[in-house]
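Understanding the architecture of this molecule
Read off the chains here:
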Amino acid sequence: MADSPSDAAQIIEVTFNQQQYVIIEKLKAEGQFGRTDEEIVRNIFLEFLRQGGV
Amino acid sequence: MLQYGPLKADVVLQPVSGKALPVLRGEVLRIIQEEGEQCVDFNAFNLHDYKEYLGVSNTRSRNAFRVKKGDIIWSVSSRDRPMFLILEIAETCRTDLLGGRCRASLFDRRGYGLHTNCQDTLSAAIGEYDLTPDDVHDSLNFWMNTEWDSVGRYFTLKNTGRKGDYVDLLATIDTLSVAATCGSGDVGWTSNFSLKPIRVQVFGASDETVARVKEIDRQNTGFKGQRTPDEFKVNKIKANRELRRNPSYVPEFVNYPITNKSIEVLLSTDELAKTNQLVTAGLGNDAGEVIRIGVILWYMRNREPGRRYW
């Protein structure tokens, strides 16, 4: 599942407050979208884009 | 339809009056149109703790601007528990969670002098249990055909209630339930320019109603914030009316202070371009904000239980 950027990559800083971070912890516990904060945020965001975004 | 227990109470409320009746957990309150076209204001309290009462705004935010069959009626947000389940409701019963209740000054201002009104009717009814006019709360209104428009104007249309129509409310806690014939309806469409009686009945609990209550408990209780007074930092009911500052009081705000954690995310050129398109579309002010919002929206759509509007 974990995608990696294939071409020139750019680092984006994303902030979550402690209440929003609960989501990251839950998804980490699920294991489906990665094991680190970075993997979870990246892969969930890409899923969001695949599902059509807004 | 569930099998109810035996009839325990049967009261006709002549215009304009109200009655406070205990309706215990598992029992069913039935409100009936005796003649039709009569608006009914409804208040309810936890029978063992009057500070927990029917939360109109909580019920509205959890359901919709109107409640319908199958919806739960909730107590105030400080307790946040189911109080009733709407078991049955006539098709012609428009419900209203916006109008609050009518009060005397509205009519005096219109030139009617002292006129019947729900604030005073409900006050008179709950006085039987030593509750005061200040304890009357915004009503859940049955057979109140109100509408609103795109700029927020709120108005009343013709009452659609028919003789024999009824609403059945299953109590999920022990309640003091208060129905009142709305006193505004003789000078407006609320009750089509005349005041009529309503009938209120209470049916005892049955195995089926108790089983339904337990199912509601299982699905809707046990969440954070569904507190009892034992859990309140300040839990004594004030015995005097004057407000005075407590200099030793230290508030405990939830999750205070709010802190942030930064996570670095690697995006390809193509992924960043798609992200920036969402910035342009207004989803967020920059790529980092769009990613955060996207992650939370994904969670809301894919993981939050019971979420209906995303």
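Everything quoted here is computed from the prediction, not taken from an experiment.

Counting its secondary structure elements, chain B contains 6 helices and 15 strands. The buried share of chain B, taken over its 310 residues, is 38%. Intrachain contacts of chain B at a sequence separation of at least 6 include 72% that bridge at least 24 residues.

Within chain A, the secondary structure is distributed over 2 helices and 1 strand. Along chain A, from the amino end to the carboxyl end, the secondary structure elements read β-α-α. In chain A, which comprises 54 residues, the share counted as buried stands at 31%.

Let us now look at the interface of chain A and chain B. On the side of chain B, 28 residues touch chain A, which itself brings 29 residues to the contact. Secondary-structure elements contributing two or more residues to the side of chain A that touches chain B are β1 (9-17), α1 (21-30) and α2 (37-50) of chain A. Note: β1 of chain A against strand β15 (residues 260-268) of chain B, 9 bridges, orientation antiparallel. Bridging from a neighbouring strand, F16 of chain A pairs with K261 of chain B of β15 of chain B.

It is worth spelling out the sheet that holds strand β14 (residues 198-203) of chain B at this point. Residue and element names in this part refer to chain B. Spatially, β1-β14-β3-β12-β7-β6 is the arrangement adopted by the 6 strands of the open sheet, whose pairing is antiparallel. Unpaired on one side and paired on the other, β1 (7-13) and β6 (72-74) mark the two borders of the sheet. Across the sheet, the axes of successive neighbouring strands diverge by a mean angle of 20 degrees, strand direction being ignored. As paired elements, strand β7 (residues 82-89) and strand β12 (residues 166-171) share 5 bridges and run antiparallel to each other. Residue pairing in the sheet places F84 in a bridge with A171 of β12. Strands in contact with helix α4 (residues 207-220) are β3 (28-33), β6, β7 and β12; relative to β7, the strand with the most contacts, it is inclined by about 125 degrees.

What follows covers the pairing of β3 of chain B. Residues and elements named next belong to chain B. Across the 6 residues that make up β3, a large majority, 5, are buried. Where β3 lies against β12, 5 bridges are found, and the strand directions are antiparallel. Bridge pairing links L29 to L169 in β12. Direction of pairing for β3 relative to β14: antiparallel, over a ladder of 6 bridges. By the bridge assignment, V28 is partnered in β14 with F203.

The next point concerns unusual backbone geometry. Residue and element names in this part refer to chain B. Cis peptide bonds are those with omega within 30 degrees of zero, and the linkage from P15 to V16 qualifies with -5 degrees. Notably, N192 is not glycine yet its phi reads approximately 55 degrees, a positive angle. Counting through the fold element by element, N192 comes out in the loop between β13 (175-181) and β14.

Turning next to the environment of E91 of chain B. Residue and element names in this part refer to chain B. Considering the arrangement of structural elements, one finds E91 in the loop between β7 and β8 (95-96). For E91, a count of 10 C-beta atoms within 10 Å translates into the label exposed. Placed 102 residues apart in sequence, E91 and F193 show a C-alpha to C-alpha distance of 22 Å.

About the cut-offs
- Residues numbered from 1 in each chain as written.
- Chains lettered and ligands numbered in written order.
- Predicted model: local features only at pLDDT ≥ 70, side-chain atom pairs only at ≥ 80, totals over all residues.
- Helix = DSSP H or I, 4+ residues; strand = E, 2+ residues; numbered from the N terminus.
- Buried ≥ 20, exposed ≤ 12 C-beta atoms within 10 Å, placed from the backbone.
- Contact = placed C-beta atoms within 7 Å.
- Pairing = 2+ DSSP bridges.
- Axes fitted to C-alpha atoms, helices over the stretch in contact; angles between N-to-C directions.

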